[in-house]
Amino acid sequence: METQLNELKSQALEQIAAATNVKELNAVRVAYLGKKGPITDLLKGMGKLPAEERPKMGALVNVVREEVTTRLEERMAILEEQAINEKLQSETIDITLPGRPVKTGNAHPLTRVIEEIEDLFISMGYEVEEGPEVEKDYYNFEALNLPKGHPARDMQDTFYISEEILLRTHTSPVQARTMEAKGGEPIKIICPGKVYRRDNDDATHSHQFTQIEGLVIGEDIRMSDLKGTLSVFAKKMFGDDREIRLRPSFFPFTEPSVEMDISCFKCGGDGCNVCKKTGWIEILGAGMVHPNVLEMAGYDSKRLTGFAFGMGPERIAMLKYGIEDIRHFYTNDVRFLSQFERTEV
Amino acid sequence: MLVSIKWLKDYVNTQDLAPAELGEKITRAGIEVDAVIDRSEGLSNIVVGYVESCEKHPEADKLSICQVNVGESVDQIICGAPNIAAGQKVIVARPGARLPGGMKIKKAKLRGEVSNGMICSLQELGIEGKLVPKAYAEGIYVLPENAEIGSDVITNFDLDDTVLELDLTPNRADAMSMLGVAYEVAAILEEEVQLPEITYTEAEDEASSMLTLNVDSPEANPLYAAKVIRNIEVKESPMWLQQRLMAAGVRPHNNVVDITNYVLMEYGQPLHAFDYDLLETGNITVRHAKTDEMITTLDGNERKLSLNNLVITNGEKPVALAGVMGGENSEVSENTTTVVIESAYFQSASIRSTSKEHGLRSDASSRYEKGVDPNRVIPAAERAAQLLAELAGGEVLKGTVLFDELKREEKVVTVSPDFINSRLGMKIRFEDMLDILNRLQFKTEAINNQLIISVPTRRQDIQIEEDVVEEIARLYGYDEIPSTLPETATTPGGLSPYQLKRRVVRHYLEGVGLLQATTYSLTAEKSATHFALKPTELTKLLMPMSEERSTLRQSLLPHLLESVTYNTARRMDSVALYETGSVFLKGQDELLNEEEHLAIAMTGLWVDNSWQGEKKAVDFFVLKGIIEGLASKLGVEIEFERGEMDGLHPGRTAYLMLDGRRIGVIGQLHPTEQKARDLKTTIVMELSLAELFAEATDALLYTQVPRYPSITRDVALVLSKIVEAGSIEKLIRSAGGKLLKDVRVFDLYEGDNLEAGKKSVAFSLTYFDPEKTLTDEEVTAVHENVVAALVESGAELRS
Ligand SMILES: [Zn+2]
């Protein structure tokens, strides 16, 4: 019986080793260790043995069974891993195929510029004010020290709807309205919006465009505060190493009036085609609020002073992104619009 | 304003600064120099030649063979100009010469004849054709007889000059003259101004013996000065005068006209010369025009005058439109021997309205409009008299015929140094302020620490303290202003709820895949109310640039759809755009009711994952889903109610309802509309953001996450096709009571297995009790209620 047992064992181990997959190995398990298998038969047949041989034979059968079991499990582990590997192999995909497209939209480049400017000034405590695009002559001109017949009205060709109603030529009427509404109190606002001028549309002119203006009124607001504020703006918007320079200019609603240049962000001031070889780029107009404007809105110009500035998001976007034709902003070519998707941070 | 630096040097020492450097200094001090133009750029080896003989070219009718003495030799030059003649002094570009545009002159053969250079027109020297005197406009320029043969044309005739082009702001009318620019440059460079010295000999006879003057409109014309000069010879002006005028952008005519223009440029004071004999009456009367009076101005136009127009008359008929343009009937010509020079002060408003009324702007009117210096009116007349004596051989009659009621006090501005420094945020010393005011030649007294400034009449832009602040700052240097931040109370800043919501909408729409577009507010009349939610009367411009941009839009969609077509026409078949912007509706007020709208237009594929076989074209429900998502972002409930609108598919259009108000519309474009716009299936929507944002959003409070499971039951119904799923959903919700948490359509079938006119709709109902786990029996009880209600309503259960 012992011989029979050893033969059985070597036969089982042989078949375990020969099994090439989980299924075959399971068949081996059933064949040798199952309820109808030879080892079970042997254990059943032990009753026929003399009583003194039974423990010895029992131990022997158990040893064989354990060894077969162990080897079977070892083999099983190998075959299972092999099976998984084969499955994975068969499941390999071409990871270079394109992903499932996700729809992405984005803001118009002008919105992008305006929002960036808004957020910068909001962080400095400004509120955002808006106003009507169809405006009264009074708010667009007269309240801004531009009475009827003022020569500076020639600077802006205006779309009139009636004698007294027009399409605003700048966002300054929002300042005039806010001042009137605030009744002599301090103000810190930024005013973005669409404006209109009687221009023929071409690469550098558009009858509709956008502006963003700022106004600060308070006690002891000085021209140095204007310069400091614009300097913060220039650095945030165009880079930390930007220098600014102010040049005297003229606007009827400010006195003194200035134009602000920034050192060229492309060449750093050495001169290039962006800055027309001057090293400087004109960015905005600004000045100290004219006392007539303050007085007309009910402010005591001896007690409160202020500064104002205004710029064109189109110009800023054209400079920043190198856009050559202002009409792109209003054509809505998706090949243009979708370029303003990614962050610049 | 074009400023010749050579000319400018008559009045101020420019310290031999390079023109670009001078220009930069002027710019930094406040007058922008737009361009620095070197008049001799690209010119070399150009000399005075004497045409000794001139014969027709045997082979070419239009060419002449000239023997030209150029000093060191007599060269043969072939010339094509019609006005070439022997005995002329001409401009010769010799072989090796350079002309503007990089042209190089070489010895050449023209139809077999040698040509040693070229005889030049002024245009060939780079002078604009419209500035070349008429006599030489079509040919070569003829130099004066005394020009030295062989001498350098560029240096002898002042072409070695640089012109600064000033871009003047409206306040700096003072710089519309050479003297004004000289004062500015003097202040910048700390130099003195040298005024022209006016001396001439007067005749015995009094001017007033020949000319009488009446001014009937002293408010519009408070000062009128006239000089009478006789025995003049009208001829070409000397070369230097012609060159200065051309450098200043003025075309030379004859010495009389040129002198008036020269003094205009020099003093900024417009002058006019009348032919005394053509005046006929020996009288000048200034008055307003009478109804239906006519005048033919020097530009050849006959103009009907109105009562507002100030005119110069000879006592009977108009001879000039005052301050704007002279009349043909008194124009100076070659036959003129006696001239009347007018130098007057006309009120700017009067000139502006006349100039505007007749659409006529001249060098004179543009200066009067901005206001001339009252103290230069008479000196300018004297200066013209002097030049007419010197350059036209004229005899100046004694005295000036004068009407003078003009006040010319200097404006006094008192300002304290503290005021100046506190406005600037600087600490400029008192002495430095005084120094700057002196440089500007503003007479200044310092009393009790106050600056009492008498502003010269030439600087009419200086009226108030702030104007002085600017003068001090610009000459002290804006670079010296420190950078500070306002020392005011900290303010919170931020966006209004409306503005915040607009950003939520924008970011959401961009997140789901829409590109933001911006279109024009002005549109054609015919499309102004197309797709308008609340069409009103049109709002049109008084003077549109074109019909296409004549009327304010009442809907965003027409232009947004144009943008879609623009893209599809360029083979971008899938387009999804949105825009936020104002529409302009007539309201109660004279101002319009401007309402901000949101519009979306989409066409082509919404999902395009081709290699995995997923493609989904945009349809009504894609856009509806986007709006539903938007509503939940904003915490509002938008309902869709069957609607109709011109241009939209009658069966695929819905109104967007918020709290019972119609705030927008969604739909598929009508096939006819699509075809007209050259579009394929296109879905659009427009709504009023103002109405969408009208109500404040409720505070956000969290609801407990369910602790008990929910149970789902399905019900499939066969319905008449005209029954809307929405109405069945409402019925289910009301029958389901509070345990029914959600109802969803999960299947729709309209096919062969159904009776005609029927459809099958399957709903999935979710039951839930926040307090406990529902039992099957409880759910069954409620669900049976629902089913019973459905059956009662006529729905047929599908087995
Ligand atoms: Zn540069």
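Each value, and the rule that gives it
- Residues numbered from 1 in each chain as written.
- Chains lettered and ligands numbered in written order.
- Predicted model: local features only at pLDDT ≥ 70, side-chain atom pairs only at ≥ 80, totals over all residues.
- Heavy atoms only, no water.
- Helix = DSSP H or I, 4+ residues; strand = E, 2+ residues; numbered from the N terminus.
- Rg over C-alpha atoms; globule rule 2.2 N^0.38 Å.
- Buried < 20%, exposed > 50% of the residue type's maximum accessible area, 1.4 Å probe, protein only.
- Areas by Shrake-Rupley, 256 points an atom, 1.4 Å probe, with all protein chains shown as cover.
- Lys, Arg positive; Asp, Glu negative; His and termini not counted.
- Charge placed at Lys NZ, Arg CZ, Asp CG, Glu CD.
- Contact = heavy atoms within 4.5 Å.
- Pairing = 2+ DSSP bridges.
- Axes fitted to C-alpha atoms, helices over the stretch in contact; angles between N-to-C directions.
- 1 Å grid on protein atoms, 1.4 Å probe; cavity = no way out; pocket = protein on both sides within 12 Å on 5 of 7 lines; lining within 4 Å.
- Points joined across faces, edges and corners; volume = space filled by probe spheres on them.
- Nonpolar A, V, L, I, M, F, W, Y, C, P; charged D, E, K, R; others polar.
- Donors = N, O, S within 2.8 Å, 3.2 Å for Na, K, Ca; no water.
- Tetrahedral: all angles 85-135°; square planar, octahedral: opposite > 155°, others 65-115°.
- Buried area = accessible area lost by both parts, 1.4 Å probe.
- Salt bridge = Lys/Arg side-chain N within 4 Å of Asp/Glu carboxyl O.
- Polar contact = N/O pair within 3.5 Å; in protein donor to acceptor, adjacent residues only side chain to side chain.

Secondary structure assignment for chain A yields 12 helices and 9 strands. In terms of C-alpha radius of gyration, chain A reaches 43 Å, well past the compact-globule figure of 20 Å for 345 residues. Within chain A, the proportion of its 345 residues that are buried is 52%. Here chain A displays about 16000 Å² of accessible surface, and carbon together with sulfur accounts for 51% of that area. Here chain A contributes 43 positive and 56 negative side-chain charges, whose respective centroids are spaced 5 Å apart.

Turning our eyes to something else, we now look at the overall build of chain B. Helices and strands together make up the secondary structure of chain B, namely 20 helices and 43 strands. Rg of the C-alpha trace for chain B: 41 Å, well past the compact-globule value of 28 Å for 799 residues, more than 25% over. Relative to its 799 residues, chain B shows a buried fraction of 53%. Taking the contacts inside chain B whose residues are at least 6 apart along the sequence as the reference set, 68% of them involve residues at least 24 apart. About 36400 Å² of surface is accessible on chain B, with carbon and sulfur atoms providing 47% of the total. Of the charged side chains in chain B, 82 are positive and 124 negative; the average position of the first set lies 6 Å away from that of the second.

Residues and elements named next belong to chain B. In terms of residue burial, strand β39 (residues 682-688) counts as a mostly covered element, since 7 of its 7 residues are buried. Side chains of β39 alternate between two faces, with T682, V684, E686 and S688 and I683, M685 and L687 buried alike. Relative to β39, strand β33 (residues 593-603) runs antiparallel, the two being bridged by 7 bridges. When the bridges of β39 are listed, T603 appears paired with T682. Looking at chain direction, strand β38 (residues 661-669) and β39 are connected through 5 bridges and run antiparallel. Note that in β39 the partner of Q668 across the bridge is I683.

A separate point is the environment of T457 of chain B. Residues and elements named next belong to chain B. Within the secondary structure, T457 sits in the loop between β28 (450-455) and α13 (465-476). Expressed as a C-alpha distance, the spacing of T457 and E409, which sit 48 residues apart in the sequence, is 7.4 Å. The residues contacting T457, other than those within four sequence positions of it, are D373, P374, N375, R408, E409 and E410.

Let us now look at the sheet that holds β28 of chain B. Residues and elements named next belong to chain B. The 3 strands are arranged β26-β28-β27 in an open sheet whose pairing can be described as antiparallel. The sheet terminates laterally at β26 (411-415) and β27 (443-447), the two strands that pair on one side only. Geometrically, the sheet is characterised by an average inter-axis angle of 20 degrees between neighbouring strands, direction not taken into account. Here β27 runs beside β28; their pairing, made up of 5 bridges, is antiparallel. Residue pairing for β28: E445 is matched across the bridge by I452. The sheet strands contacting helix α12 (residues 430-439) are β27 and β28, and the helix crosses β28 at an angle near 5 degrees.

All names here are of chain B. One number sums up the size of the second largest pocket: a volume of about 1800 Å³. Lining the second largest pocket are 40 residues, with F621, K624, F640, A725 and G726 sitting closest to its centre. Of all the elements in the fold, those that place two or more residues in the lining of the second largest pocket are α16 (620-634), β36 (638-642), β37 (648-658), α19 (725-736), β41 (740-749) and β42 (758-767). Here the element with the most residues in the lining of the second largest pocket is α16; it accounts for 7 residues. Partitioning the lining of the second largest pocket into residue classes produces 15 nonpolar, 8 polar and 17 charged.

Attention now goes to the side chain of T162 of chain B. Residue and element names in this part refer to chain B. When you line up the elements, T162 lands in strand β12 (residues 162-167). Since its relative accessible area comes to 13%, T162 is described here as buried. In contact with T162, not counting residues within four places along its chain, are V3, S4, I5, P19, V36, I37, D38 and R39.

We now examine the coordination of the zinc ion. Residues and elements named next belong to chain A. Within the protein, C264 (SG), C267 (SG), C272 (SG) and C275 (SG) serve as the donor atoms for the zinc ion, at 2.2 to 2.3 Å. Of note is the zinc ion, whose 4 donor atoms meet at the metal with angles of 104 to 114 degrees in an arrangement that counts as tetrahedral. When the donor residues of the zinc ion are listed from N- to C-terminus, their spacing reads C-x2-C-x4-C-x2-C. Judged by relative accessible area, C267 falls into the buried class, the value being 18%.

Across the boundary between the two partners, chain B contributes 89 residues, which contact 91 residues of chain A. Summing the contributions of chain B and of chain A, the shared interface buries around 7400 Å²; its carbon and sulfur component is 55%. At the junction of chain B with chain A, the criterion picks out 10 salt bridges. The salt bridge partner of R506 of chain B is E115 of chain A, with a shortest N-O separation of 2.2 Å. Here chain B is connected to chain A by 39 residue pairs in polar contact (both at pLDDT 80 or more). It is helix α14 (residues 497-511) of chain B that provides the largest number of residues to the side of chain B that touches chain A, a total of 7 residues.

Here the focus is the pairing of β33 of chain B. Residue and element names in this part refer to chain B. Of all 11 residues in β33, 9 are buried; the element is thus mostly enclosed. Pairing analysis gives 11 bridges linking strand β32 (residues 575-585) to β33, with the strands arranged antiparallel. Following the sheet pairing, G581 is matched in β33 by H597.

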